[in-house]
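# Structural characterization, general
Chain by chain, the residues:
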Amino acid sequence: MTARQGGSSVPSDGGTLAPDAGFALYMAAPEGPETLPSQMGPDVPIRTVIAEGKRGPVDIRIYGEPSSTGGPALVWLHGGGFVSGGLDMPESDYLGRVLAASGIPVLSVDYRLARDGVHFPVPHEDALAAWFWIRRNAAGLGLDADLLCLGGAGAGGNLAVGAALYLTDAGKPLPAKLLLAYPFLHAELPPPAGGLDEEVMATLPRHLRFTIEDCLRNAENYVGGPVSMASSYAMPGYADPSGLPPTAIVACEYDDVRGSSELFAANLEQAGVPVSYFLARGAVHGHLNHAAGSPEAQPVLDFLAQELASAKIQ
């Protein structure tokens, strides 16, 4: 496993924690809690296509144009605890613009959220429907199907790994690489190595925390019942990762979910899957959404761009 570290900064305003507060924040605001405005990013060509899936149409927003010399592209799944977020959130839109401006097309998937009676496997099947459509139509889009990468942030990282596990089990072509930003892969969080700095964690406002209680409630809502009934595609951190493609993982120093990334990286390495691991120093969970346009986020975006540029045909 290759590991790197980056710098970031932590907000200094405080907040109090309550067991249901985090999940309530996400459910109350479909776009996600308290993101920073005016993070437009570079002006790049953008268009929308529609994939027909088992559950109905799935919008895919395409950022950028394919390079004349070929190269990788990224299929991206936004975060939001499965219940919030969308294509316009900075974690998706700003990231898509920045990577597209660097020459890497991004195809952002508008999967159905686990709200109003929607549960697994609907978001999982939407992610797969988008992946299969993009691969099938890669040539017409000017993309190399064998250099398509798959990734996501938070819950989107879960969907990316769950989709890759399905592709592995089904004997289907795999992504050239997985790219995961602070992925939510375990319903019951493993503790981060070395623990968390509780003094710093106590200063974070509630919307910048994703606690053990939040993870359990989001997982139960996504699964539609007790997490004990979740399949490996729903909570992929518990699955055998053998056969997955090379994987790049971004973890955050001040993130309750960091242990999930650490454990998954260790399991990948044990299974013989190449892993690149980037620890964003000072960063909090969801920081690409809360401060995507900040200088502190740039090292993470640079890491993802470099990992994409090094993707190879599997």
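Please read these numbers as outputs of a predicted model, since none were measured by experiment. (Residues numbered from 1 in each chain as written. Predicted model: local features only at pLDDT ≥ 70, side-chain atom pairs only at ≥ 80, totals over all residues. Heavy atoms only, no water.)

### Here we look at the overall build of the protein chain
From N to C terminus, the protein chain includes 10 helices and 9 strands. With 314 residues in all, the protein chain has 59% of them scored as buried. For the protein chain, the exposed area adds up to about 11,900 Å²; of that, 53% sits on carbon and sulfur atoms. (Helix = DSSP H or I, 4+ residues; strand = E, 2+ residues; numbered from the N terminus. Buried < 20%, exposed > 50% of the residue type's maximum accessible area, 1.4 Å probe, protein only. Areas by Shrake-Rupley, 256 points an atom, 1.4 Å probe, with all protein chains shown as cover.)

### Here's the deal with helix α2 (residues 90-101)
Given 3.6 residues to a turn, an α-helix orients residues that are three or four positions apart in the same direction. The end-to-end C-alpha distance of α2, which contains 12 residues, comes to 15 Å, matching closely the 16 Å that a straight helix rising 1.5 Å per residue would cover. Counting buried positions over the 12 residues of α2 gives 11, a clear majority of the element. Among all positions in α2, only Pro90, Glu91, Ser92, Asp93, Tyr94, Leu95, Gly96, Arg97, Val98, Leu99 and Ala100 are buried. Positive phi appears at Gly103, one or two residues downstream of α2, with a value of about 105°. (Expected span 1.5 Å × (residues − 1).)

### A look at the side chain of Thr247
Take Thr247: it is sitting in strand β8 (residues 247-254). A relative accessible area of 2% places Thr247 in the buried class. Here the side chain of Thr247 touches Pro245 through a polar contact of 2.9 Å, landing on its backbone oxygen. Not counting chain neighbours up to four residues away, the residues in contact with Thr247 comprise Leu178, Leu180, Leu268, Val273, Pro274, Val275 and Ser276. (Polar contact = N/O pair within 3.5 Å; in protein donor to acceptor, adjacent residues only side chain to side chain. Contact = heavy atoms within 4.5 Å.)

### Describing the pairing of strand β5 (residues 106-109)
Burial of β5 is two-sided: the residues Val106 and Ser108 facing one way and the residues Leu107 and Val109 facing the other way are all buried. Note that strand β3 (residues 56-63) and β5 share 4 bridges and pair antiparallel. Following the sheet pairing, Ile62 is matched in β5 by Leu107. Between strand β4 (residues 73-77) and its parallel partner β5, the chain crosses via α2, and the hand of that crossover is right-handed. (Pairing = 2+ DSSP bridges. Right-handed = clockwise from strand over helix to strand, strands pointing away.)

### Some remarks on the packing of aromatic side chains
Centre-to-centre distance and the angle between the planes together describe a pair of aromatic rings. Counted under the stated rule, the structure contains 6 aromatic pairs. An aromatic cluster is defined as three or more aromatic residues linked by ring pairs; in this entry it consists of Phe82, Phe120, Phe184, Phe210 and Tyr222. (Phe/Tyr/Trp six-rings, centres within 6.5 Å; stacked < 30°, edge-to-face > 60°.)

### Some details on unusual backbone geometry
Going from Phe120 to Pro121, the amide bond is cis rather than trans, its omega being 15°. Within the fold, Pro121 resides in the loop between β5 and α3 (122-136). One non-glycine residue, Asp116, lies in positive phi territory at about 55°. Locating Asp116 in the fold gives a position in the loop between β5 and α3. The exposure class of Asp116 is exposed, given its relative accessible area of 82%.

### Things to note about the nonpolar core
By size, the foremost hydrophobic cluster in this structure holds 62 residues, and its most contacted members are Ile60, Leu77, Phe82, Leu107, Leu150, Ile249 and Phe264. A total of 8 residues in this core trace back to one element, the largest contributor, which is helix α5 (residues 155-170). With near-sequence residues (within four places) excluded, Leu150 lies in contact with Leu74, Val75, Leu77, Trp131, Ala160, Ala163, Pro175, Lys177, Leu178 and Leu179. (Core = buried A, V, L, I, M, F, W, Y, C linked by side-chain atoms within 4.5 Å.)

### Structural notes on the confidence of the model for the protein chain
Here the protein chain shows a mean pLDDT of 90. Residues at 70 or above account for 89%. A low-confidence stretch, residues 9-17 stays under pLDDT 50, and its non-local contacts, those more than four residues away or across chains, total 26 contacts. (pLDDT = per-residue confidence, 0-100.)

### Re the pattern of salt bridges
Counting across every chain of the model gives 12 salt bridges. Its salt-bridge partner being Glu125, residue Lys54 comes within 3.6 Å of it at the nearest N-O pair. Taken as a pair, Lys54 in the loop between β2 (46-53) and β3 and Glu125 in helix α3 lie far apart in primary sequence, 71 residues in all. Classification of Lys54 as exposed rests on a relative accessible area of 69%. Between Asp146 and Arg135 there is a salt bridge, and its shortest N-O distance comes to 3.5 Å. (Salt bridge = Lys/Arg side-chain N within 4 Å of Asp/Glu carboxyl O.)

### Some words on the side chain of Asp126
Summarising the element assignment, Asp126 is placed in helix α3. For Asp126, a relative accessible area of 1% puts it in the buried group. The contact partners of Asp126, leaving out residues within four places of it in the chain, are Arg55, Val58, Val109, Tyr111 and Arg112.

### What to know about the packing of α3 against α5
A pair of packed helices is captured by two measures, namely the crossing angle of their axes and the spacing between those axes. One way to put it is that α3 packs onto α5 with a least axis distance of 9 Å and a crossing angle of 65°. One element, α3, and the other, α5, form an angle in the roughly perpendicular class. As α3 packs across α5, the resulting crossing turns out to be right-handed. Contacts between α3 and α5 involve Pro123, His124, Leu128, Trp131 and Phe132 from the former and Leu159, Gly162, Ala163, Tyr166 and Leu167 from the latter. For the contact of α3 with α5, the per-class residue count stands at 8 nonpolar, 2 polar and no charged. (Axes fitted to C-alpha atoms, helices over the stretch in contact; angles between N-to-C directions. Parallel < 35°, antiparallel > 145°, perpendicular 65-115°, else oblique. Left-handed = near helix turned anticlockwise from the far one by under 90°. Nonpolar A, V, L, I, M, F, W, Y, C, P; charged D, E, K, R; others polar.)

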